[in-house]
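# Structural description and commentary
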Amino acid sequence: MMVAGIGSRKGVTVEDVLAAIETALEAHGLAMSALSALATAALKKDEDAIAAAGRKLNLPVIIVDDAALQAASPRTLSNSSLSRDLAGTPSVSEASALAVAGKSASLLGPRTVLGAVTCAIAISGDAP
């Protein structure tokens, strides 16, 4: 399973989210079709652009509860003070991707930052 974790400021557009996902995938030489799901933190559950990106890509958007976000946080690579203050995790995008991809998942690299959106790609440990 390959998951794109999404973090953003409020009010981003679906185009912003899609561009961040595409940029993150391209950085790892991957196509959009490699993704199994999008993930984000519970505090972003009402961010319309993230839900719209999932619909446009025909992928589920999995909302990660605070406990799962905290459990995945020690495995993140980035450290944003804003993310820590607002979400209690060093990186919303990285922790969300890791939480959904599973306990043995790993990040392909640190999150990609594109304007007001961050995207991190995690792959489950049992993936080929």
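A short tour of the structure in this document, coming up.

What counts, and where the lines are drawn
Residues numbered from 1 in each chain as written. Predicted model: local features only at pLDDT ≥ 70, side-chain atom pairs only at ≥ 80, totals over all residues. Heavy atoms only, no water. Buried < 20%, exposed > 50% of the residue type's maximum accessible area, 1.4 Å probe, protein only. Helix = DSSP H or I, 4+ residues; strand = E, 2+ residues; numbered from the N terminus. Contact = heavy atoms within 4.5 Å. Core = buried A, V, L, I, M, F, W, Y, C linked by side-chain atoms within 4.5 Å. Axes fitted to C-alpha atoms, helices over the stretch in contact; angles between N-to-C directions. Left-handed = near helix turned anticlockwise from the far one by under 90°. Right-handed = clockwise from strand over helix to strand, strands pointing away. Pairing = 2+ DSSP bridges. Salt bridge = Lys/Arg side-chain N within 4 Å of Asp/Glu carboxyl O.

## Topic: helix H2 (residues 48-57)
Taken together, the buried positions of H2 are Ala49, Ile50, Ala52, Ala53 and Gly54. Packed against the buried residues of H2 are strand E1 (2-8), helix H1 (14-27), strand E2 (37-41) and strand E3 (61-64). Asn58, located one to two residues past H2, shows a positive phi value of around 55°.

## Description of the nonpolar core
Residues Val17, Ile21, Leu35, Cys119 and Ile121 are the most contacted members of the largest nonpolar core, which totals 22 residues. Looking at this core, the elements that each hand over two or more residues are E1, H1, H2 and strand E6 (117-123). Here this core gets 7 residues from one element, more than from any other, and that element is H1. Setting aside residues up to four positions removed in sequence, Leu35 forms contacts with Met2, Val3, Ala4, Ile21, Leu25, Leu59 and Ile121. Of all hydrophobic cores here, the second largest spans 17 residues; its members include Val3, Leu98, Ala105 and Ala120.

## Overview of the packing of H1 against H2
Relative to each other, H1 and H2 sit at 65°, their axes nearing to 8 Å. Between H1 and H2 lies a crossing of right-handed hand. Here Val14, Val17, Leu18 and Ile21 of H1 come into contact with H2, specifically with Ala49, Ile50, Ala52, Ala53, Lys56 and Leu57.

## A few points about the pairing of E2
Judged by how many residues are buried, E2 sits mostly within the fold: 5 of 5 residues are covered. What joins E1 to E2 is H1, and the crossover it makes is right-handed. Relative to E3, E2 is paired through 4 bridges, and the arrangement is parallel. In the strand pairing of E3, Ala39 is matched with Ile62. Once the chain exits E2 it traverses H2 before rejoining the sheet at E3, and the crossover so formed is right-handed.

## Comments concerning the side chain of Thr40
Along the chain, Thr40 turns up in strand E2. Setting aside its immediate chain neighbours within four residues, Thr40 contacts Ile6, Ile50, Ile62, Ile63, Val64, Val92 and Ser96.

## Regarding the environment of Gly125
Looking at the element boundaries, Gly125 is found in the segment after E6. By relative accessible area, Gly125 is classed as partly exposed at 47%. Considered as a pair, Gly125 and His28 are 97 residues apart in the sequence and their alpha carbons are 17 Å apart. Once residues within four sequence positions are removed from consideration, Gly125 is found in contact with Ser104 and Ala105.

## Structural notes on helix H5 (residues 92-101)
Along H5, 9 of the 10 residues are buried, which leaves the element largely enclosed by surrounding structure. The set of residues buried in H5 consists of Val92, Ser93, Glu94, Ala95, Ser96, Ala97, Leu98, Val100 and Ala101. Residue Gly102 follows H5 closely and has a positive phi angle near 115°.

## Focus on the pattern of salt bridges
Any two side chains of opposite charge can pair if their charged atoms end up close together. A full pass over the atoms with the stated rule returns 2 salt bridges. A salt bridge links Lys44 to Glu47; its shortest N-O distance comes to 3.9 Å. Judged on exposure class, the residue Lys44 and its partner Glu47 are both buried. Two residues, Lys45 and Asp46, come together in a salt bridge whose shortest N-O distance is 3.9 Å.

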